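Descriptive structure summary
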Amino acid sequence: MQTEKHLTGTLVLSVFTAVLGFFQYGYSLGVINAPQKVIEAHYGRVLGIVLPDRYATNASGEDGTFLQAGTEGTLPPPTDPATSPHILTMYWSLSVSVFAIGGMVSSFTVGWIGDRLGRVKAMLVVNILSIAGNLLMGLAKFGPSHILIISGRAVTGLYCGLSSGLVPMYVSEVSPTALRGALGTLHQLAIVTGILFSQVLGLDFLLGNDEMWPLLLGLSGVAALLQFFLLLLCPESPRYLYIKLGKVEEAKKNLKRLRGNCDPMKEIEEMEKEKQEAASEKKVSIRQLFTSSKYKQAVIVALMVQISQQFSGINAIFYYSTNIFERAGVDQPVYATIGVGVVNTVFTVISVFLVEKAGRRSLFLAGLMGMLVSAVAMTVGLVLLSQFAWMSYVSMVAIFLFVIFFEVGPGPIPWFIVAELFSQGPRPAAIAVASFCNWACNFIVGMCFQYIADLCGPYVFAIFAGLLLIFFLFAYFKVPETKGKSFEEIAAVFRRKKLSAKTMTELQDLRRSEEA
């Protein structure tokens with residue numbers, strides 16, 4: 001067992017380098033939050049929109065128009081005040097959510113590019129998108145800022161959509177079985193670290209001000225450059241080399257680099273078994289994934305864990321936490337948002353150690369139930385805030401608990417459980433479908449939350465509470481435990497469940513015929 005858990009420098013480097021893609025994903029999620037008012041005010045100046053006083057983060061003229069040093073009298077003519085807030089809300093919501101559109105579009109090509117180029121080369125190539133997207137945002141002040149930001153976030157989304165499929169694929173394939181869960185949670189750790197970095201750098205006295213916000217938006221390009229050069233040192237996935245390309249010796253060589261002095265034959269035998277299984281089932285397309293009864297249960301589970309991650313309400317907090325804290329009556333909401341980021345990171349580190357001890361399923365269930373209770377408490381706190389000032393503390397504690405329970409299970413587990421649910425044949429298609437589902441839900445939340453929050457007011461998190469209850473019940477009855485199991489053992493669990501369900505149906509049919 002000790003040899004199976006051996007960490008080598010090459011394995012650490014490979015996993016660290018891969019999850020830099022998720023660091024960029026997290027940074028892109030969080031960076032748009034703190035400087036919201038500054039960027040909206042800049043949009044207003046560029047578009048000639050008269051904004052309400054709440055956007056006046058810089059000096060403003062007596063007539064309500066925004067003034068910037070050296071620009072007096074040069075603003076475009078204002079638009080109709082009645083429609084201005086709606087136009088601004090539309091542009092801002094698009095700036096937030098177009099990131100997810102890019103992710104949706106590119107996620108379907110994950111399997112193709114991963115198989116065509118290999119895991120490492122594919123991650124190298126897609127970094128070009130990240131660098132291009134960050135350049136567009138970094139240069140936003142030199143052109144129509146709203147167009148450049150929306151375009152830059154769309155291109156960055158294209159990168160993150162590909163990366164969010166390629167990274168779990170690579171990490172699951174280079175990790176030993178005994179460490180697959182712990183290393184898989186590093187995806188989420190990279191995301192929350194990226195979010196925390198963006199929140200800290202987004203402080204007004206650092207980069208979240210009217211002069212420096214383009215640099216803030218484009219800074220994750222540095223991580224893209226770092227990942228690009230580190231990938232040149234990483235070995236290709238032995239599983240990909242052995243099963244997809246049939247390069248046995250090269251696979252053994254890379255396996256020895258990743259495992260050190262350990263005997264690679266046990267893993268080679270497992271790969272051979274998986275290769276034979278994959279050869280017998282041939283390459284699985286996305287269409288076959290949905291039409292074949294063989295994969296039906298695994299696909300439903302894979303999609304539902306992604307839906308539960310996004311529709312749990314966590315992205316509503318990531319995108320709009322500063323605004324939520326303002327409504328809760330917090331004087332310095334941006335610091336409370338950073339506090340959420342710190343808690344987020346700490347409990348993700350804790351989950352790295354928990355996931356191999358407690359198992360995936362139990363942590364996923366515990367996290368969903370904790371988030372459900374927290375969402376109810378958050379709703380109560382926001383509803384009663386006008387009557388009891390101390391309810392602001394209830395709302396704040398509920399937000400922190402919500403984030404803690406998310407990081408216990410629903411945060412990290414969906415990223416790697418999909419790769420565990422499928423063998424080599426259907427895995428690329430399954431990851432592509434799951435990634436698309438995750439990004440589609442991300443887009444829906446990012447685009448609609450602000451409108452729903454305006455419509456529902458303090459009751460908005462009651463909607464998420466209802467969804468969390470549904471997700472908990474589904475996970476309790478349908479999600480299997482994958483801890484310490486090989487891909488074939490997990491597939492056998494679904495076969496037994498399918499057989500059990502079929503037997504139950506036959507018994508019910510027999511009982512009905514006897515009653516008739």
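Since the model is a prediction, treat every value here as computed from it, not as a measurement.

Conventions we followed
Residues numbered from 1 in each chain as written. Predicted model: local features only at pLDDT ≥ 70, side-chain atom pairs only at ≥ 80, totals over all residues. Heavy atoms only, no water. Helix = DSSP H or I, 4+ residues; strand = E, 2+ residues; numbered from the N terminus. Contact = heavy atoms within 4.5 Å. Areas by Shrake-Rupley, 256 points an atom, 1.4 Å probe, with all protein chains shown as cover. Axes fitted to C-alpha atoms, helices over the stretch in contact; angles between N-to-C directions. Parallel < 35°, antiparallel > 145°, perpendicular 65-115°, else oblique. Expected span 1.5 Å × (residues − 1). Bend = angle between axes of the 7 residues up to and from the residue. Buried < 20%, exposed > 50% of the residue type's maximum accessible area, 1.4 Å probe, protein only. Left-handed = near helix turned anticlockwise from the far one by under 90°. Nonpolar A, V, L, I, M, F, W, Y, C, P; charged D, E, K, R; others polar. Patch = residues over 30% accessible without salt bridge, like charges linked within 9 Å, V, L, I, M, F, W, Y side chains within 5 Å. Salt bridge = Lys/Arg side-chain N within 4 Å of Asp/Glu carboxyl O. Core = buried A, V, L, I, M, F, W, Y, C linked by side-chain atoms within 4.5 Å. pLDDT = per-residue confidence, 0-100. Phe/Tyr/Trp six-rings, centres within 6.5 Å; stacked < 30°, edge-to-face > 60°. Lys NZ or Arg CZ within 6 Å of the ring centre and 35° of its normal.

Regarding the overall build of the protein chain
Each helix and strand counted, the protein chain has 23 helices and zero strands in total. At a minimum sequence separation of 6, the contacts of the protein chain that also span at least 24 residues come to 82%. Here the protein chain has roughly 21,300 Å² of accessible surface; of this, 67% comes from carbon and sulfur atoms.

Considering the packing of helix 2 (residues 36–47) against helix 6 (residues 145–174)
Running from amino to carboxyl end, helix 2 crosses helix 6 at an angle of 130 degrees, the nearest separation of the two axes being 9 Å. Here helix 2 is positioned oblique relative to helix 6, judged by the angle of their axes. On helix 6, the residues touching Ile 39, His 42, Tyr 43, Val 46 and Leu 47 of helix 2 are Ser 145, His 146 and Ile 149.

Topic: helix 1 (residues 9–30)
Look at helix 1: 31 Å from first C-alpha to last across 22 residues, which is about the 32 Å you get at 1.5 Å a residue. Remark: the principal bend of helix 1, roughly 30 degrees, maps to Leu 20. For helix 1, the tally of buried residues reaches 17 of 22 residues, placing the bulk of the element in the interior.

A closer look at the packing of helix 5 (residues 119–138) against helix 10 (residues 221–231)
Where helix 5 meets helix 10, the axes come as close as 9 Å, and the angle between the chain directions of the two elements is 160 degrees. It follows from the interaxial angle that helix 5 and helix 10 lie roughly antiparallel. Our pair here, helix 5 against helix 10, has a crossing hand that is left-handed. Each of Val 120, Met 123, Leu 124, Asn 127, Ser 130, Ile 131 and Asn 134 in helix 5 lies in contact with helix 10, whose residues at this interface are Gly 221, Ala 224, Leu 225, Gln 227, Phe 228 and Leu 231. Split into classes, the residues belonging to the contact of helix 5 with helix 10 amount to eight nonpolar, five polar and no charged.

Side note on a nonpolar patch on the surface
Residues Val 200, Phe 205, Leu 206 and Tyr 335 make up a contiguous nonpolar surface patch of about 380 Å² in total accessible area. Within the secondary structure, Phe 205 is located in the loop between helix 8 (186–201) and helix 9 (213–218).

Side note on the nonpolar core
Grouped burial of nonpolar side chains is what soluble globular proteins tend to show. Judged by nonpolar contacts, the single largest core of 101 residues is most densely connected at Tyr 25, Leu 289 and Phe 422. It is helix 21 (residues 427–456) that contributes the most residues to this core, 12 residues altogether. If we ignore the near neighbours within four places in the chain, the residues touching Tyr 25 are Phe 99, Cys 160, Ile 191, Gln 310, Trp 415, Asn 438, Trp 439 and Asn 442. Formed by 20 residues, the second largest nonpolar core is a distinct cluster that contains Tyr 27, Val 31, Ala 140 and Leu 216.

Some remarks on the pattern of salt bridges
Under the criterion given, the structure shown has five salt bridges. When the shortest N-O distance is used, the salt bridge between Asp 115 and Arg 119 registers 3.0 Å. The exposure class assigned to Asp 115 is buried, which follows from its relative accessible area of 15%. Accessibility expressed as a relative area gives 1% for Arg 119, which makes it buried. Taking the shortest distance from any N to any O, the salt bridge between Lys 244 and Asp 115 comes out at 3.7 Å. With Lys 244 in helix 11 (residues 238–244) and Asp 115 in helix 4 (residues 110–117), the pair connects residues that are 129 residues apart, well separated along the chain. Through salt bridges with shared partners, a single network forms among Asp 115, Arg 119, Glu 173 and Lys 244.

Regarding the environment of Gly 411
Residue placement: Gly 411 occurs in the loop between helix 19 (391–408) and helix 20 (413–421). For the pair Gly 411 and Leu 368, spaced 43 residues apart in the sequence, the C-alpha separation amounts to 9.9 Å. Setting aside its immediate chain neighbours within four residues, Gly 411 contacts Gln 188, Gln 309 and Phe 406.

Description of the confidence of the model for the protein chain
Of all residues in the protein chain, 82% attain a pLDDT of 70 or more, and the chain-wide mean is 79. Below pLDDT 50 for its whole length, residues 54–79 participates in 38 contacts with residues either more than four positions away or in separate chains. The low-confidence segment residues 503–507, where pLDDT is below 50, has zero contacts with residues more than four positions distant or belonging to other chains.

A look at the packing of aromatic side chains
Counting across every chain of the model gives 11 aromatic pairs. Consider the rings of Phe 99 and Trp 439, whose centres lie 5.2 Å apart with planes at 65 degrees: the pair is edge-to-face. Here Trp 439 lies in helix 21 and Phe 99 lies in helix 3 (residues 84–107), a separation of 340 residues in the sequence. Considering the side-chain rings of Phe 228 and Phe 229, the 5.5 Å spacing of their centres and the 85 degrees angle between planes classify their relative orientation as edge-to-face. Taking the relative accessible area as the measure of exposure, Phe 228 reaches 28% and is therefore partly exposed. What links up through ring pairs into an aromatic cluster is the set Phe 22, Tyr 25, Phe 99 and Trp 439. In this arrangement the basic side chain of Arg 361 is found over the ring face of Tyr 476, its NZ or CZ atom lying 5.5 Å from the centre.

Some details on the environment of Ile 399
The topology assignment puts Ile 399 in helix 19. For Ile 399, a relative accessible area of 1% corresponds to the buried category.

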